[in-house]
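# Overview (structure and organization)
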Amino acid sequence: MTKGLSASGRLDVEELKKLSMAVEDLGYLLRRMKPEHLIEVSKTIAEMSRSASLVDRVSGEVDTDPNKQFLIGVLPRLLQDRDLFPINDDIVEFASDALGLAMSKNKKRSRYEIIGEVVCETDALSGKALSSVVRALSRVSQHGEITDYVRERKKSGNFSWNETIRLLAKG
């Protein structure tokens, strides 16, 4: 049996009294409010529901892969390091070698456009190789001595991001 309903399906006396008081309270409230306020409240609620729907749609599309989230967070800072990436082509080379992204060196683009493209393309990455890159770059981004080691290797002339990522991912 539902609360407040008798065996015959009718509201009991106590529930009817509560309902009567609630309707009376609502009547007082409505008399005190101006109709335009109710219309504004209605519009606000409708707008909030549209906004909530948009947030749900956008947040439903966000990739929850922690490796991608890490890369999207660390790559802009790392790629702006002019000691590690003195020229824009170094960023393009890194994107190709370490991340497997096909990017053209011939296009005239600003450093920030290239970094933006790398970060955006990171969303399409997956697999074991991605995990290795994340392990290696987390070491580079968190330990200054490892960053210095990579900088020195780059200066030595015979440098490969693939080899460096492989070494750092192991260690």
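Attention in this report is confined to the structure presented alongside it.

Cut-offs applied
Residue positions within a chain follow its written sequence, with the count starting from 1. Side-chain atom pairs in this predicted model are given and counted only at pLDDT of 80 or more, local residue features only at pLDDT of at least 70, and totals for whole chains, interfaces and linings cover all residues. Calculated side-chain values reflect all of the structure's heavy atoms, with hydrogen atoms and water omitted. Definition used for salt bridges: Asp or Glu carboxyl oxygen within 4 Å of a side-chain nitrogen of Lys or Arg. Labels follow the DSSP assignment, with helices taken as runs of H or I lasting at least four residues and strands as runs of E lasting at least two, numbered in each case from the N terminus. We define a nonpolar core as any set of buried Ala, Val, Leu, Ile, Met, Phe, Trp, Tyr and Cys residues linked to one another through side-chain atoms lying within 4.5 Å. Partly exposed describes any residue whose relative accessible area lies between the buried limit of under 20% and the exposed limit of over 50%, with all areas from a 1.4 Å probe on protein chains only and scaled to the type maximum. Each axis is a line fitted through C-alpha atoms, and for a helix only the stretch in contact is used; angles between axes span 0 to 180 degrees, taken between their N-to-C directions. Throughout this description, any angle smaller than 35 degrees is read as roughly parallel, any larger than 145 degrees as roughly antiparallel, any in the 65 to 115 degree range as roughly perpendicular, and the remainder as oblique. Crossings are classed by handedness, with left-handed meaning an anticlockwise turn of the near helix from the far one by less than a right angle and right-handed meaning a clockwise turn. Contacts between residues were defined by any pair of non-hydrogen atoms, one from each residue, lying within 4.5 Å. When residues are grouped by polarity, Ala, Val, Leu, Ile, Met, Phe, Trp, Tyr, Cys and Pro land in nonpolar, Asp, Glu, Lys and Arg in charged, and all others, Gly among them, in polar.

### Notes on the pattern of salt bridges
In total, this model carries seven salt bridges according to the counting rule given. With its nearest N and O atoms 3.7 Å apart, the salt bridge here joins Asp83 to Arg151. Linking Asp83 in the loop between helix 3 (66-79) and helix 4 (88-99) with Arg151 in helix 7 (residues 144-155), this pair joins segments that are 68 residues apart in sequence. Three or more residues are tied together by salt bridges with common partners; here these are Asp81, Asp83, Asp148 and Arg151.

### Notes on the nonpolar core
Among the nonpolar cores identified, the biggest contains 31 residues, and Leu71, Leu75, Phe94, Leu99 and Val118 are the most heavily contacted of them. For this core, the secondary-structure elements that each account for two or more residues are helix 3, helix 4, helix 5 (111-121), helix 6 (128-142), helix 7 and helix 8 (161-170).

### A few points about the packing of helix 7 against helix 8
Two numbers describe how helix 7 lies on helix 8: the axes approach to 12 Å, and their chain directions differ by 155 degrees. In terms of axis orientation, helix 7 runs roughly antiparallel to helix 8. By crossing handedness, the relation of helix 7 to helix 8 is classed as right-handed. For the pair helix 7 and helix 8, the contacting residues are Ile146, Tyr149, Val150, Arg153 and Lys154 in the first and Trp161, Glu163, Thr164, Leu167 and Leu168 in the second. Of the residues assigned to the contact of helix 7 with helix 8, the class counts are six nonpolar, one polar and three charged.

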